[in-house]
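The residues making up each chain are set out below.
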Amino acid sequence: MRRMALGMAFVAGVASAQAAPEYTLVIRDHLFDPAELVIPSDTRVKLVVHNQDATPEEFESYELNREKVILGGRKATIYIGPLSPGTYPFFGEFNPRTAQGKVIVE
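Residues numbered from 1 in each chain as written. Predicted model: local features only at pLDDT ≥ 70, side-chain atom pairs only at ≥ 80, totals over all residues. Heavy atoms only, no water.

### Describing the sheet that holds strand S1 (residues 22-28)
Convention followed: Criterion used throughout: strands pair if DSSP finds at least two bridges between them. The way it works is that DSSP assigns letters per residue, a run of H or I at least four long becomes a helix, a run of E at least two long becomes a strand, and they are numbered from the N terminus. Here, axes are lines fitted to C-alpha atoms. For helices the fit covers the stretch in contact, and angles between N-to-C directions go from 0 to 180 degrees.
If you trace the four strands from one edge of the open sheet to the other, you get S2-S1-S4-S7, paired in mixed fashion. Taken across any chain shown, the strands that pair with only one partner, and hence form the sheet edges, are strand S2 (31-33) and strand S7 (75-80). Within the sheet, the average angular offset between the axes of one strand and its neighbour, ignoring direction, is 25 degrees. Sheet topology places S1 next to strand S4 (residues 45-51); six bridges connect them, and they run parallel. Looking at S4, one finds that Thr-24 is bridged to Val-48.

This is the structure:
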């Protein structure tokens, strides 16, 4: 039983060591903050999008192949990558004139 517990603790430790780096993106006043997010190349990352507006917004990116509706006052998790170096634009589907940003992969 003790070996099993140690084995499970080791697996949990390995899983947490391999967790994707986490980045936060905030939606406030129909704007993304930060508007430019720099992430490492060839790495899968966890993007936590926190919509602080009262209205929903949709995170959308053709280049990242992602779209996700985030209700007002809620958070959503979006995994992206691994990506090659470059610039990947994203926008808010419901407020495309103001809610714009880009992921810069270095």
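### A closer look at the sheet that holds strand S3 (residues 36-39)
If you walk across this open sheet you meet the five strands as S3-S9-S8-S5-S6, and the pairing is mixed. The sheet is open, and its two borders are formed by S3 and strand S6 (66-70), each paired with just one other strand. Each adjacent strand pair in this sheet contributes to an overall mean axis angle of 20 degrees, direction not counted. Bridge count between strand S5 (residues 57-61) and S6: five bridges; the pairing is antiparallel. Paired with Glu-60 across the bridge in S6 is Glu-67.

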